[in-house]
Every structure is written in structure tokens, then in C-alpha cells.
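In case you want the letters, here they are:
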Amino acid sequence: MHASQGRSASLGLALASAFAFGGSGVAAKPLIEAGLDPLHVVWLRVAGAALVMLPVAWRHRDLVRSRPVLLLGFGLLAVAGVQAFYFAAISRIPVGVALLVEYLAPALVLGWVRFVQRRPVTRRAAAGVVLAVGGLTCVVEVWSGLSFDAVGLLLALGAACCQVGYFVLSDQGSADGADGVEPPNPVGVIAYGLLIGAVVLTAVARPWGMEWSVLGGSAGMDGTDVPAWLLLVWIVLLATVIAYVTGVISVRLLSPAVAGVVACLEAVIATVLAWVMLGEHLSAPQLIGGAMVLTGAFIAQSSTPRTPSGPVASGPGAGVAEEPDGGAADAEGELSAGRATT
């Protein structure tokens, strides 16, 4: 009875995390349309969340000495890179489309494994890649000559590439967790990733030139005016801090397969929220293509049933883990059950 209740609670936390992450673009896009630069919105999100997570970073300050490369990789790629590209993308294309393009990350990781590391991949993993890429052609409607802004699509692809870069980087350090060495605390990694991301984005975004007056006004959500400060609180607390914490807890309690399924719901939730709250309607072929992308991403992520050995800090990418005996894991690699940092 208690086990069943615990599993239900864990699943509830995972769903709450997917909902929180899925709403980030919906809250950010009205601020961008109200006059804020996408980079400034990213800076506000990351810097605000970093301040909230500062006590956690202090508690896990030993990570600075023991895992500096991992922290830098997470901060530069999974936090600053992914979010900057994603927010820039949604300023030009629908939220759901941008997130679905980002879900090509598992396919790109498998491409890295096959063509750069020259390791074979299973047929099941390859089928997932083909399905995801085929679904993406429907999402972007290639038959109509790419009806979406090409720059926006490239920016979304940039977010996917940043996720790939982080997981490749974390894979190179995965051997550090072998031989009985305790893996890094994922919440601590997130806290330092946000701090590093905030520092980097401060230099890039130059927030001192931001239109601060926008935050004192309102932003439109499909014809409804919403206080801009409320959207900012949504992005910082709900879509970042709460999303990360609930995601990490649920991943630790759920199996990777179940967590992977719930993670894919993030794109579904983002698409539905954008439809309802922003009026961004997708066509039937795009919805079918989106289902294909998510199914393909899940097949790629769940090709190996073993628990990932790398840090569970971000997704929907993959990290190729090493076996405890030093041998390579199955070709498609261990795929993180974490979440997208969008």
C-alpha cells in the first residue's frame, strides 16, 4: 500500500515538473513581445533562479573542487546555451515547434556515438532516430517550403546541439562515478549551473541596458493583459526552481523508462498551453509529426533499461555511460531521465 502511494506521489511530482517546465515558453513569450530582448528574459530567469538556489550551492560547495568541468559544462551549455537559443527561437516560431525541434537531441547524441565515436547503435535506437526526424519534417511542414522562420528553426536546433554538448561532456566524466565514487548531487549541479549561467549571461545580455519599465507594465496573452512581474515570478519560481527540484526528486524515485515517458509530456504540455494561452494553433500534420518526434525520442532514450550512471541534471539528451568494469555500455548509451532546461 505504502509502495503504491509512494509511486503515485513520485509520478505526481514528475508530472508537476513536466507541467512547470512546459510553461516556461508560454510565460516568456509575452514578455518578449512586450519589448524585452530574449537574452534579457533568459538572464532574468537564470539570475533569479540562481539567487533562490544560492543556499543550495553553498551547501554543496565541495562540487567546485570535485566536479569543476561538469559544473562549467552544465552552466555554459545546458543552462546558458539551451535557454538562450530556446528563448530566441520562440521569439520567431511557435513554442511547441521550438520545443519539438529541441527534442532532436537524443537523435543527435546517437549520431555522435555512431559517426564520431564510431560505435555501433542498435536497430531500435536507429528506428527511434528515423521516426523523430520523420516527425520533424511534418512539424516544420517541409512540403510547403518551411512555412516557419528558418532562423527560428536554426535557433531551436542550436538549443538541441547545446544539450548534446553537455551530455557528451558529462559522458567523458562518467568514469569518475565508477569504482564506488559517490556521484555528484544533482540539485547541487543545478544550483552551480544556474550561478555559472547567470555570470555568463550577464556578460552576454548586458542587463543594465534592459527595458526595466516593461516589468512594471503588462504583457498580452492572446488578448488578455497579465502583469509582467507575475510572468517573471512564473518563469523563475515555477518554471525553473520548482521544475528542477520536483524533476530531480521524481527521477530518483521513478524508473528511467517511466521518467522518460513523463519527460516527453513536457513538449505536449508546452504545445497545449501555447494553444490555450497564446492562441498558437498547430495543424493536424504538425500534431501527428509532434507525436512521431516524441515517440522517436522516447524510443532512443529507453533503448537501454539500465539506470544511467551520469548525473541526472538535464534532458532530453543522452549521455553514453561506461560499464563499471570499464567496458562500453550498449551502443546507444545510457540516456538521462532528466528534463530539458527550457
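Here the structure is a predicted model, which is why all the values come from computation and not from measurement.

What follows deals with unusual backbone geometry. Phi angles above zero are rare outside glycine, and Arg 206 is one such case at about 50 degrees. Counting through the fold element by element, Arg 206 comes out in the loop between α11 (186-205) and β1 (218-221). A positive phi angle, near 55 degrees, is found at Asp 222, a position not held by glycine.

Before going further, it helps to spend a moment on helix α9 (residues 123-139). Counting along an α-helix, one turn takes 3.6 residues, and residues three or four places apart therefore face a common direction. Between its first and last C-alpha atoms α9 spans 24 Å; for 17 residues at 1.5 Å apiece the expected length is 24 Å, and the two agree. For α9, the set of buried residues is Ala 125, Gly 128, Ala 132, Gly 135, Leu 136, Cys 138 and Val 139. The buried side chains of α9 occupy one side of the element, clustering within an arc of 150 degrees when seen end-on. Projecting away from the buried face of α9 at angles above 90 degrees are the exposed residues Arg 123 and Val 130. Taken from the residues just after α9, Glu 141 is the one with a positive phi, measuring 55 degrees.

With that settled, the discussion passes to the state of the cysteines. Should the sulfur atoms of two cysteines be covalently bonded, the bond is a disulfide. Going through the model one piece at a time under the given rule, you end up with zero disulfides. Free of any disulfide, Cys 162 has its nearest neighbouring cysteine sulfur in Cys 161, separated by 7.2 Å. Residue classification places Cys 162 among the buried positions, given a relative accessible area of 11%.

Next up on the list: the packing of helix α6 (residues 68-90) against helix α7 (residues 95-102). With their axes 9 Å apart at the nearest point, α6 and α7 run at an angle of 145 degrees to one another. Relative to α7, α6 is oriented so that their crossing is right-handed. Two secondary-structure elements touch here, α6 through Val 82, Tyr 86, Ala 89 and Ile 90 and α7 through Val 95, Ala 98, Leu 99 and Glu 102. When the residues that make up the contact of α6 with α7 are grouped by side-chain class, the tally is seven nonpolar, no polar and one charged.

What follows is about a nonpolar patch on the surface. Residues Leu 11, Leu 15, Leu 265, Val 268, Val 272, Trp 275, Val 276 and Leu 287 make up a contiguous nonpolar surface patch of about 620 Å² in total accessible area. For the nonpolar patch, the elements supplying multiple residues, two or more each, are α1 (2-22) and α13 (256-278). By residue number, the principal contributor to the nonpolar patch is α13, which donates five residues. Tracing the chain through its elements places Trp 275 in helix α13.

This next bit is on the packing of aromatic side chains. Evaluated as defined, the whole model comprises three aromatic pairs. Ring geometry for Phe 21 versus Tyr 244: centroids 5.1 Å apart, planes at 85 degrees, classification edge-to-face. Residue Phe 21 is found in helix α1, and its partner Tyr 244 is found in helix α12 (residues 228-253); the two are separated by 223 residues along the sequence. Classification of Tyr 244 by relative accessible area gives buried; the value is 4%.

Right, let's get into the packing of helix α3 (residues 38-52) against α11. Closest axis-to-axis distance for the α3/α11 pair is 8 Å, and the angle between their directions is 150 degrees. Viewed along their axes, α3 and α11 form a crossing whose handedness is left-handed. Along the contact surface, α3 presents Leu 39, His 40, Val 42, Trp 43, Val 46, Ala 47, Ala 49 and Ala 50, while α11 presents Leu 194, Leu 195, Gly 197, Ala 198, Leu 201, Thr 202, Val 204 and Ala 205. Residue classes in the contact of α3 with α11 are distributed as 13 nonpolar, three polar and no charged.

The next subject is the environment of Glu 266. Looking at the secondary structure, you find Glu 266 in helix α13. Under the relative-accessibility criterion, Glu 266 is labelled buried at 0%. Residues Glu 266 and Gly 22, 244 residues apart in the sequence, show an inter-C-alpha distance of 4.9 Å.

Basis of the calculations
Residues numbered from 1 in each chain as written. Predicted model: local features only at pLDDT ≥ 70, side-chain atom pairs only at ≥ 80, totals over all residues. Heavy atoms only, no water. Helix = DSSP H or I, 4+ residues; strand = E, 2+ residues; numbered from the N terminus. Expected span 1.5 Å × (residues − 1). Buried < 20%, exposed > 50% of the residue type's maximum accessible area, 1.4 Å probe, protein only. Arc of directions from axis to C-beta. Disulfide = S-S within 2.5 Å. Axes fitted to C-alpha atoms, helices over the stretch in contact; angles between N-to-C directions. Left-handed = near helix turned anticlockwise from the far one by under 90°. Contact = heavy atoms within 4.5 Å. Nonpolar A, V, L, I, M, F, W, Y, C, P; charged D, E, K, R; others polar. Patch = residues over 30% accessible without salt bridge, like charges linked within 9 Å, V, L, I, M, F, W, Y side chains within 5 Å. Areas by Shrake-Rupley, 256 points an atom, 1.4 Å probe, with all protein chains shown as cover. Salt bridge = Lys/Arg side-chain N within 4 Å of Asp/Glu carboxyl O. Phe/Tyr/Trp six-rings, centres within 6.5 Å; stacked < 30°, edge-to-face > 60°.

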